[in-house]
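Coordinate analysis (summary)
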Amino acid sequence: MKKKIVLVFISLITISVGFSQSNSKQVETKIEKLIAKMTLEEKVHQLATQYPNANMRLGIPNISANECLHGIKMDQATVFPQAIAMASTWDEGLIERMGHVVAEESRAFGIHQCYTPMLAVVRDVRWGRTEESYGEDPYLVGKIGASYIKGLQGMGVQRFDENHIIATAKHFVADGEPMGGDNGAAMDISDYNLHNVHLYPFKLAIEEARVGAIMPAHHLLNGIPCHANKYIMNDILRDEFKWDGLVVSDNGDMRSLHRVFNYSPSWKDAAKKGLEAGIHQELALFQNWNEQRMFGDHLIEAVNEGSIAMDLVDNAVVHVLRAKFQMGLFDNDISKDEKFDVIKHPNNGDPEKISQHDAEMFKKALYVGIPKKNWKKTVFDKQHNDLALEVAHKAMVLLKNENQILPLSKEKYKKIAVIGPNANSMRLGGYSPDIPKYYISIYEGIKNYVGRASTVNFAEGCDFNDTTDKIDEAVALAKQSDIVILAIGGSEETCRENQDVDDLHLPENQQLLEKAIKEAGIPYVVVLLNGRPLSIEYTKENAPAIIEGWYLGQETGKAVANVLFGDVNPSGKLPISFPRNAGQAPLFYNKLETGRPRNIYKSDHTPLYSFGYGLSYTTFEIGAPKLEKSTISVNGNTTVSVSVKNTGKYEGEEVVQLYVRDLISERVRPAKELRNFKRVSLKPGETKTVTLNIGKQQLEYWNEGKWEVEPGTFKVMVGSGLENIKATNLTVE
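Before going into details, it helps to say that this report is about the structure given with it.

Calculation rules
Residues numbered from 1 in each chain as written. Predicted model: local features only at pLDDT ≥ 70, side-chain atom pairs only at ≥ 80, totals over all residues. Heavy atoms only, no water. Helix = DSSP H or I, 4+ residues; strand = E, 2+ residues; numbered from the N terminus. Rg over C-alpha atoms; globule rule 2.2 N^0.38 Å. Buried < 20%, exposed > 50% of the residue type's maximum accessible area, 1.4 Å probe, protein only. Contact = heavy atoms within 4.5 Å. Areas by Shrake-Rupley, 256 points an atom, 1.4 Å probe, with all protein chains shown as cover. Lys, Arg positive; Asp, Glu negative; His and termini not counted. Charge placed at Lys NZ, Arg CZ, Asp CG, Glu CD. 1 Å grid on protein atoms, 1.4 Å probe; cavity = no way out; pocket = protein on both sides within 12 Å on 5 of 7 lines; lining within 4 Å. Points joined across faces, edges and corners; volume = space filled by probe spheres on them. Nonpolar A, V, L, I, M, F, W, Y, C, P; charged D, E, K, R; others polar. Pairing = 2+ DSSP bridges. Salt bridge = Lys/Arg side-chain N within 4 Å of Asp/Glu carboxyl O. Polar contact = N/O pair within 3.5 Å; in protein donor to acceptor, adjacent residues only side chain to side chain. Axes fitted to C-alpha atoms, helices over the stretch in contact; angles between N-to-C directions. Left-handed = near helix turned anticlockwise from the far one by under 90°. Phe/Tyr/Trp six-rings, centres within 6.5 Å; stacked < 30°, edge-to-face > 60°.

**A few points about the overall build of the protein chain**
If you tally the helices and strands in the protein chain, you get 21 helices and 26 strands. Relative to its length of 733 residues, the protein chain is compact, with a C-alpha radius of gyration of 26 Å against a globular reference of 27 Å. The dimensions of the protein chain, computed from C-alpha atoms along their principal axes, are 80 × 65 × 45 Å. A total of 733 residues make up the protein chain; the buried ones form 62% of that total. Restricting to contacts in the protein chain with at least 6 residues of sequence separation, those with at least 24 account for 77%. When the accessible surface of the protein chain is totalled, it reaches about 27,500 Å², and 47% of it is carbon and sulfur. In the protein chain, the 84 positive side-chain charges and the 94 negative ones have mean positions that sit 4 Å from each other.

**Quick word on empty space enclosed by the protein**
One pass over the structure, following the stated rule, counts 1 cavity of 30 Å³ or more. Approximately 50 Å³ is the volume attributed to the largest cavity. Taken together, Trp127, Arg129, His171, Asp175, Asn183, Gly184, Ala217, His218 and His219 make up the full set of residues lining the largest cavity. Taken together, the residues of the lining of the largest cavity sort by class into 2 nonpolar, 5 polar and 2 charged.

**A look at the sheet that holds strand β20 (residues 652-662)**
Read across the sheet, 5 strands follow the order β18-β26-β25-β20-β21 without closing on themselves; strand pairing throughout is mixed. The strands lining the two open edges of the sheet, one partner per strand, are β18 (631-632) and β21 (673-682). Alignment of β20 against β21, held across 9 bridges, turns out to be antiparallel. Counterpart to glutamate 654 in the pairing with β21 is valine 680.

**A closer look at the pattern of salt bridges**
Note that side chains of opposite charge can pair when their charged atoms are close. Applying the stated criterion to the full structure yields 31 salt bridges. Linking glutamate 276 and lysine 230 is a salt bridge whose minimum nitrogen-to-oxygen distance equals 3.7 Å. With glutamate 276 in helix α10 (residues 267-276) and lysine 230 in helix α8 (residues 230-240), the pair connects residues that are 46 residues apart, well separated along the chain. Glutamate 276 sits in the partly exposed class, given a relative accessible area of 28%. Linking aspartate 662 and arginine 669 is a salt bridge whose minimum nitrogen-to-oxygen distance equals 3.7 Å. Each member of the pair, aspartate 662 together with arginine 669, is buried.

**Quick look at the side chain of serine 264**
Position of serine 264 relative to the elements: it lies in the loop between α9 (253-259) and α10. A distance of 3.2 Å separates polar atoms of two side chains, one belonging to serine 264 and the other to aspartate 269. Once residues lying within four places of it in the same chain are set aside, the contact partners of serine 264 are Leu257, His258, Asp269, Ala270 and Lys273.

**Concerning the packing of helix α5 (residues 92-108) against helix α15 (residues 382-395)**
Across the interface, α5 lies against α15 with an axial gap of 11 Å and an inter-helix angle of 145°. Between α5 and α15 the crossing geometry is left-handed. Here Leu94, Arg97, Met98, Val101, Glu104 and Glu105 of α5 come into contact with α15, specifically with His384, Leu387, Glu390, Val391 and Lys394. Of the residues in the contact of α5 with α15, the class split is 5 nonpolar, 1 polar and 5 charged.

**Details of the packing of aromatic side chains**
Under the counting rule described, the total for this entry stands at 17 aromatic pairs. Aromatic side chains tyrosine 443 and phenylalanine 458 sit 5.5 Å apart centroid to centroid with 35° between the ring planes, which places their arrangement in the tilted category. In this pair, tyrosine 443 sits in helix α16 (residues 442-450) while phenylalanine 458 sits in strand β12 (residues 455-459), placing the two residues 15 residues apart along the sequence. For tyrosine 443, a relative accessible area of 16% gives the class buried. Relative to tyrosine 609, the ring of phenylalanine 578 lies with its centre 5.9 Å away and its plane at 85°, an arrangement referred to as edge-to-face. With phenylalanine 578 in the loop between α20 (556-564) and β16 (620-622) and tyrosine 609 in the loop between α20 and β16, this pair connects stretches of sequence that are 31 residues apart. Judged by relative accessible area, which is 0%, phenylalanine 578 ranks as buried.

**What to know about α10**
Among the residues of α10, Asp269, Ala270, Ala271, Gly274 and Leu275 are the ones counted as buried. Tucked inside the fold, the buried residues of α10 contact α9, α11 (294-305) and α12 (310-326). Two residues or fewer past α10, glycine 278 is found with a positive phi of approximately 90°.

**Describing the environment of tyrosine 413**
Relative to the elements of secondary structure, tyrosine 413 occurs in the loop between β10 (397-401) and β11 (415-419). Residue tyrosine 413 is classed as buried on the basis of its relative accessible area, which comes to 7%. In sequence terms tyrosine 413 and threonine 168 are 245 residues apart; their C-alpha atoms lie 48 Å from each other.

**A word on the layout of surface pockets**
Its volume calculated, the largest pocket comes out at about 830 Å³. What lines the largest pocket is a set of 22 residues, among which Leu587, Phe588, Tyr589, Lys591 and His605 lie closest to the centre. For the lining of the largest pocket, the class distribution of residues is 10 nonpolar, 7 polar and 5 charged. Estimates place the volume of the second largest pocket at around 640 Å³. If you trace the second largest pocket, you find 26 residues lining it, with Arg107, His112, Leu329, Asn332 and Lys372 closest to the centre. Of the residues in the lining of the second largest pocket, the class split is 8 nonpolar, 9 polar and 9 charged.

None of this, on its own, says anything about what the molecule does.
Here it is as structure tokens:
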């Protein structure tokens, strides 16, 4: 009877793999046969991730997982710009190309799955994980995330081939709006906001990129832990979105159902609730096979005593085995995975059961996988470094350029001072390799760029420990120089997971350092390296030029030098608003209208810098939008076209942004919603026409249980940012 139930269950599952229907049926038959042969202990061991899960007795391979937020987190791997910087490129094709490279390097290291991208829509920048995000807009987050997934997993015939991996969209769902900005804080969210804001990027990741795996979030959503939340995991993810991929728990969150939230009365009940919500694998870092694993002995005992049905376990095992088949792991030499088999059985004795900590400390192969013999040839491919540099170039956002001080002239500035705590330090952001392939600091990059043409000197000025005793030395160097490059901002100490703050200003000693440089009377350019928007009102008012770099990866210094001296024209746009102070948080451009606007004479409620903002060394003129059809049906499509002219003297790229507003709707919608964008490259004096599609994806919203396009008049706005747009009206019948 049990065998029949499993067979029926498997036959009902929607198969979303990259091979033919006949092959899919063969795979499902093989999975059924494997499950029929497995002991309960063998099944449960399949439910561990970043932990050995091979089975030599049955010829089941290990699947290795890791992080690849902005490159695979392995020593010597290529380090790309941090996620928030990836979003600043507003370049889907570039990020997809980056995904292909990250996947290729991952497979070279023996990694089959990565826990990325993070599709949180950030509503409160006090949150330390802002750096891992693609910003505050659901559409931009979804498009950048889907592009990265397309590259990581491959599309069409490339999907899950030997050079691609399984991407894991996280965290499901709504972790970007934590109360007080605290990581993992409980949230209460209406279905209206849940769908239109936080679920929207996941919807795009599923529809456009067919993401292979999903990871639930740490927090309570409307009073229920996400890891046991049947509404979001079953009703929405599986029934509404029609998705049936692999679900992996976040680290330790199965334990939290009992230990933290008191939602489950026991460890066994925590395992049951997780399985009922459709969790297939448990991530429990640094844990041996012990009581800290819910999908371990607790689960085995619960099944044996009858409190957890075997069908729940089989369901999870089906998804794990299917992922291994999708990745082609059964086609490899299974004997190589022998070290990943930690189950006691007659043919393998009683091997040591290893934890991730053991693997890191003693270099035993575990979740890090088995590198290919030629892994160095793949990882040290110069084209990978070139791509990292290209992403860094396009990620930088020019916030200010008073009197066109930039680009700098090598002939004019012979004595250059590079000052600041981020001038000669490695700043990569969270989830980076301990030992990157290399890192070029801003000081090194500028020295390498100018060569012997100029003198370049460095002074730290201050650090991140509130010390001020180095400021005088920095000021003395500044006074001996023609210009100062002031590299300030944040670090892994000030912004990363669980580094949440209630103050968005620069550290006080950095503020004192900048004021001292200003008072020295030497021209200075601020280069920001940081993981979240900063409240930099003094810098905005006083620095002649400001570049937001976020974290730019291994090529940081080279990329900064190329932009400072004009080899590259900056073209990035902000994916997130800059508050004037923490009191403005949460702050995002697409808030709903305020019923009682505050007194603007008492405080400036506008952001310091707006979403979508970014300057260039050249200037662009964007014409009035022209609709192909000014009236369409609710299921119809049209296009909007604008002319874009480079009216300056430098070649450059502009990001044309399309926003919509439903003028009258059943549920009030934001005054502006980003719904399309496109990069365009122009030589001085050149004009091009940019055409953007308008259809269901641009006009729909979630209302009363469904996604719909309401008839009526839509305002269509096109421009280079929120403050520079032109509008026309579209009628939907």
